[in-house]
Each structure stands twice: as structure tokens, then as C-alpha cells.
Amino acid sequence: MNAPAAALILFIALTAGQYARAQQLPGNKETVEIGLSTDTIAITSGFRGTDLTVFGALDNADPLIQRQGRYDIVVILQGPERDFVVRRKDRFFGIWVNAESVSFQHIPASYSLASTRNLQDIATPKIFGQLSLGVNNIFYEPIPDGFGSSESLKEFTKEVPRLKLKQRLYNQRPGDVQFLSSTLFRATLSLPANVPVGKHIARAYLFRNGEFLRESSTSLNIVKAGLEFRIYRAANQYSLLYGLFAVFLAVVTGWMGRLVFRKD
């Protein structure tokens, strides 16, 4: 049995009792619960990206609305917040150089989204804007006094999602949330090869007839592993020794190269 299948069985077992109890409570509103196929992803030198499976369940769902297919799920995985600089290149004496730039703060380093349908078919743009849900609805916060004018800010703000999409750090996959039964669903999120390390937050948003109902979240840790991680950790924890070793290695390499390629 593969890992996603085992995780799905475990998730069903954990949520079955909770779902039964929720059904017994009259007037209880719908809720959503999610779980991940893994809570940690290790990145090594051979990492080429992967897919993350998110399992979920609806509690106290209305049977009539279920039969009509009027429940929608949007799942996102948001990476740690980082600063991001957008630069504009201008031609100067025939050479392209960096000119004006705007710095943004607290920007998700990565952002993956999956949904049952296209976003415009689930709810209105106003609702997605209020929830900051979707690549074009994320609030891109500029660093104060880091831009020339409001028009310049608008121009640079539009470039943030475009650049992130180009780097494959942002992606949206409508249709990649599928209901396995009337209450259980599965979402597939794409993680690129350059996904940042750190704590990532997975969230599931439940919609009914275009109305936002509930949200559930959990976390995922992405860490470095293998020889690269040990070198990275040594460089940070023992910076002086690491620097001395790097100089020594460079001297030895240069000396050996001179011996190999010297002219007799």
C-alpha cells in the first residue's frame, strides 16, 4: 500500500467518528477538516519537485446540496513570508541595467492552489478578494517609502504574481480537488523544485452555493537533507572554521592544479 493510500485510510478512520457526532447535533453548520499525506518533505540534491496530497472531509453536509454538487473546496499551500524586490531594467548607453525598483515585504515565498472548479465558477471576485484567495488576490505589501508614486506602485505590484508564476513558485490548478465520496475529498498541490524551506501552511476553504462557510488549516515542514544540508548547517554554525577550510581547500586545489598542468 502506498503512502497516500495509507494516509487516506488513517484520515477516514480519524474523521468518521467526528462526522457521526456532528450529524447528531441538530442545526450544526457544515465544517471542513483536512490532513496531509506527509507532514515533512526533505529536499536533497536530487529533488525535482513533487505533488502533495491533501485529504479532507465535510462534516454535517446538507444531503440535498451534496446531490446538487453545490459544495466547492479551494485548497492552498502557502510558503513562509519573505521580502521580494521587483526591478525594472532600462537601456543605458546600449546596455540594459537595473533602474527603478520596489521592495515588498511579507510576501508568500510560494503559493499553490487547487480547487474543485475554476475560481470564477465558485464565488464572486469580491469574496475571493476579501479572503485574499488566489494569486491575483494576495495582498502584496510594499515597504513604506520604497516607491516613487502610486502609479509606479501599481505597475510593480502587477509584476509580483507574474514573476512568481514565471519562476513556478506560484501556481493554480482548477479541477485538482476531487470528491471521493459525498463527504470525502482529495486535493493535489504542485511543489516545484525550487520550493523554499521552512514552515508552510495548508488551508481548505469550504463554499456552498458561492457563499464562503468555513476554513481549516494544518502545517507542513520542508527541510533540507543530505550532504548539502550538513554543509549549509556547518557554514552557519561554524562560520570561521568553514571559511578557513574553504581557503585551505582553494590553496590545495590550486597547488594540485599547478602540479598536474605544469610545463616541464
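Residues numbered from 1 in each chain as written. Predicted model: local features only at pLDDT ≥ 70, side-chain atom pairs only at ≥ 80, totals over all residues. Heavy atoms only, no water.

> How would you sum up the overall build of the chain? Please name residues and give values.
For the chain, the count of helices and strands is seven helices and 13 strands. Taken over 264 residues, the chain has a buried fraction of 34%. Here the contacts in the chain between residues at least 6 apart in sequence split such that 72% fall between residues at least 24 apart. Carbon and sulfur atoms form 55% of the exposed surface of the chain, whose accessible area is close to 15,900 Å². (Helix = DSSP H or I, 4+ residues; strand = E, 2+ residues; numbered from the N terminus. Buried < 20%, exposed > 50% of the residue type's maximum accessible area, 1.4 Å probe, protein only. Contact = heavy atoms within 4.5 Å. Areas by Shrake-Rupley, 256 points an atom, 1.4 Å probe, with all protein chains shown as cover.)

> Please provide a residue-by-residue account of the nonpolar core, values included.
Counting residues in hydrophobic clusters, the biggest one holds 28 residues, and the most contacted among them are V54, L58, I73, V75 and F185. Where this core is concerned, the elements lending two or more residues are β1 (31–36), β2 (40–43), β3 (50–59), β4 (71–78), β11 (184–191), β12 (198–208) and β13 (211–224). Grouped together as the second largest cluster of nonpolar side chains are 25 residues, V86, V102, A123 and L169 included. (Core = buried A, V, L, I, M, F, W, Y, C linked by side-chain atoms within 4.5 Å.)

> Please provide a residue-by-residue account of the sheet that holds strand β10 (residues 177–179), values included.
One open sheet accounts for four strands, arranged β1-β3-β11-β10; its pairing is antiparallel. On the outer flanks of this sheet lie β1 and β10, each paired with one strand and no other. Within the sheet, the average angular offset between the axes of one strand and its neighbour, ignoring direction, is 25 degrees. Note: β1 against β3, six bridges, orientation antiparallel. (Pairing = 2+ DSSP bridges. Axes fitted to C-alpha atoms, helices over the stretch in contact; angles between N-to-C directions.)

> Describe the layout of surface pockets, naming the residues involved and giving the relevant values.
One number sums up the size of the largest pocket: a volume of about 200 Å³. Around the largest pocket sit 13 residues that line it, and Q78, P108, S132, I138 and F139 are the ones nearest its centre. Only β4, β6 (95–108) and β12 provide two or more residues apiece to the lining of the largest pocket. A class-by-class count of the residues in the lining of the largest pocket yields seven nonpolar, three polar and three charged. (1 Å grid on protein atoms, 1.4 Å probe; cavity = no way out; pocket = protein on both sides within 12 Å on 5 of 7 lines; lining within 4 Å. Points joined across faces, edges and corners; volume = space filled by probe spheres on them. Nonpolar A, V, L, I, M, F, W, Y, C, P; charged D, E, K, R; others polar.)

> Can you lay out the UniProt feature "transmembrane region" (unreviewed entry) in the chain for me, pointing to particular residues and giving the numbers?
When the UniProt feature table is mapped onto this chain, "transmembrane region" (unreviewed entry) is found at residues 240–261. In the segment residues 240–261, helix accounts for 100% and strand for 0%; the C-alpha atoms at its two ends are 32 Å apart. (UniProt positions renumbered as here; feature names shortened; annotations may be inferred.)

> Can you tell me about helix α5 (residues 150–166), naming the residues and giving the values?
Think of an α-helix as turning once every 3.6 residues; residues three or four places apart then point the same way. With 17 residues, α5 extends 25 Å from end C-alpha to end C-alpha; this agrees with the ideal 24 Å at 1.5 Å per step. If you check which residues of α5 are buried, you get S152, L153, F156, V160, P161 and K164. Backbone geometry just after α5 places R168 at a positive phi near 65 degrees. (Expected span 1.5 Å × (residues − 1).)

> Explain the packing of aromatic side chains to me, using residue names and the numbers behind them.
Inspection of every chain in the model, using the stated rule, returns five aromatic pairs. Plain terms: the ring middles of F179 and F185 are 6.0 Å apart, the flat faces sit at 65 degrees to each other, and that makes the pair edge-to-face. By relative accessible area, F179 is classed as partly exposed at 31%. Its relative accessible area of 0% is what places F185 among the buried residues. The structure contains a cluster of three or more aromatic residues connected by ring pairs, namely F128, Y205, F207 and F212. (Phe/Tyr/Trp six-rings, centres within 6.5 Å; stacked < 30°, edge-to-face > 60°.)

> Outline the pattern of salt bridges, listing residues and values.
Think of it this way: side chains of opposite charge can pair up when their charged atoms draw near. Here the structure, examined in full by the defined rule, presents seven salt bridges. R173 is the salt-bridge partner of D51, the closest N and O atoms lying 3.4 Å from each other. Within this pair, whereas D51 is found in strand β3, its partner R173 is found in strand β9 (residues 170–174), the two being separated by 122 residues in sequence. Under the relative-accessibility criterion, R173 is labelled partly exposed at 23%. Of the charged contacts in the structure, one is a salt bridge between D176 and R173, with a shortest N-O distance of 2.5 Å. Salt bridges here are not isolated pairs; linked through shared partners, they connect E30, R208 and E211. (Salt bridge = Lys/Arg side-chain N within 4 Å of Asp/Glu carboxyl O.)

> So what about helix α7 (residues 239–261)? Which residues, and what values?
Compared with the 33 Å implied by 1.5 Å per residue over 23 residues, the 33 Å span of α7 between its first and last C-alpha is a close match. Taken across its 23 residues, α7 has zero buried, putting it largely on the surface.

> Can you lay out the side chain of N171 for me, pointing to particular residues and giving the numbers?
Along the chain, N171 turns up in strand β9. Setting aside residues up to four positions removed in sequence, N171 forms contacts with Y111, S112, L113, L165 and S190.

> Explain a nonpolar patch on the surface to me, and be specific about the residues and the numbers.
Side chains of W255, M256, L259, V260 and F261 sit close together on the surface and give an oily, nonpolar patch of about 610 Å² of accessible area. With respect to the secondary-structure elements, F261 resides in helix α7. (Patch = residues over 30% accessible without salt bridge, like charges linked within 9 Å, V, L, I, M, F, W, Y side chains within 5 Å.)

> Describe the environment of F104, and please don't skip the residues or the numbers.
If you trace the backbone, F104 turns up in strand β6. For F104 and D83, which are 21 residues apart along the polypeptide, the C-alpha to C-alpha distance reads 5.6 Å. In this structure F104 touches R82, D83, F84, V86, Y140, E141, P142, I143, L153, F156, T157 and V160, once residues within four positions along its chain are discounted.

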